[in-house]
Amino acid sequence: MNLAGASLWIVNDSDIKNGSFKIPSNVKCINRKCFSRLHNLTQITIPRNVEIIEREAFISCRNLISCKIENPNCILKQDIFFNCENLQEIILPNNLKEIPNNIFCFCSKLQTINLPSTVEEIGNCAFQECTSLEKLIIPDRVHEITEEMFADCKKLKLHWRGRIYTYDDLKEYHVFR
C-alpha cells in the first residue's frame, strides 16, 4: 500500500485480506488506478471519510463483486468500475448528482442498481455492456437518456417519468427528453 497524506495511491494484491481491504480512516481521496487490476479484491466498503474516488480507481478488478460507498457526498469520477465484469452489487452515495461516463462500462454481471433520487445526469456509456442489467429506475431529475448510456443492455427496461423503455426503444429513437 502507498499512502501519502490523505491520499491512497496504490493498493497491491498482497494488501488484500480475505477478499477485502480496509481503507485507513485518514484517507480522503482514492487516486487514479489505486486498486486497478487487483485479482484478490472481491468486496470493499468505502468509508465516510473518503470524499472523492478518482478515475479508473477500480478498473479491471475482475473479481470485485460488491462495493458500498458510505459517504453520501462522495464525488465519483469516470471509469471507476470500468471492466469489473463480476461486479453485482453497488451502493452509491445518497446525494450523488451525476453518474459519470463509463463508470460501469463492461460490468456484465451487474443486474440491478438503485440510483439515488438526487441524480440529474447520466454520462455517456455509463452502463455500456451491462448485459445482465434488467431494470433501472431513472430519477425524474435526469433531463435525457440516450442509447449510448446503455449500449448493448439488451435485457434492460428503463423506468423514467411514468414510462417504461426497452433497449429496442433506445436503439430506435436514440434519445428521450
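Whatever comes next refers back to the structure up there.
This report concerns the structure included in the present document. Everything numeric in this text was worked out from a predicted model, so none of it was measured. (Residues numbered from 1 in each chain as written. Predicted model: local features only at pLDDT ≥ 70, side-chain atom pairs only at ≥ 80, totals over all residues. Heavy atoms only, no water.)

### Some thoughts on unusual backbone geometry
Let me state the cut-off plainly: Here a strand is any run of E in DSSP of at least two residues, a helix any run of H or I of at least four, and the numbering for each starts at the N terminus. Relative accessibility decides the category of a residue: with a 1.4 Å probe and only protein chains considered, values under 20% of the type maximum give buried, values over 50% give exposed, and everything between is partly exposed.
Positive phi outside glycine occurs at Asn102, with the angle close to 60°. Despite not being glycine, Glu129 shows a phi value in the positive range, around 65°. The residue Glu129 is located in the loop between strand 10 (121-122) and strand 11 (135-138) in this model. A relative accessible area of 22% means that Glu129 is categorised as partly exposed.

### Let's talk about the environment of Asn71
Under the convention used in this document: Two residues qualify as a contact provided that any one of their heavy atoms is within 4.5 Å of a heavy atom in the partner residue. Two N or O atoms form a polar contact when they lie within 3.5 Å of each other; inside protein one atom must be a possible hydrogen donor and the other a possible acceptor, and for residues adjacent in sequence the pair counts only when both atoms belong to side chains.
For Asn71, the position within the fold is in the loop between strand 6 (66-69) and strand 7 (75-76). Counting along the chain gives 94 residues from Asn71 to Tyr165, while the straight-line C-alpha distance between them is 31 Å. What Asn71 contacts, discounting residues up to four positions off in sequence, is Ile46, Pro47, Arg48, Val50, Glu51 and Pro93. Within the structure, the side chain of Asn71 is placed 2.9 Å from the backbone oxygen of Val50, a separation counted as a polar contact. Of the polar contacts made by the side chain of Asn71, one reaches the backbone nitrogen of Asn73; its length is 2.8 Å.

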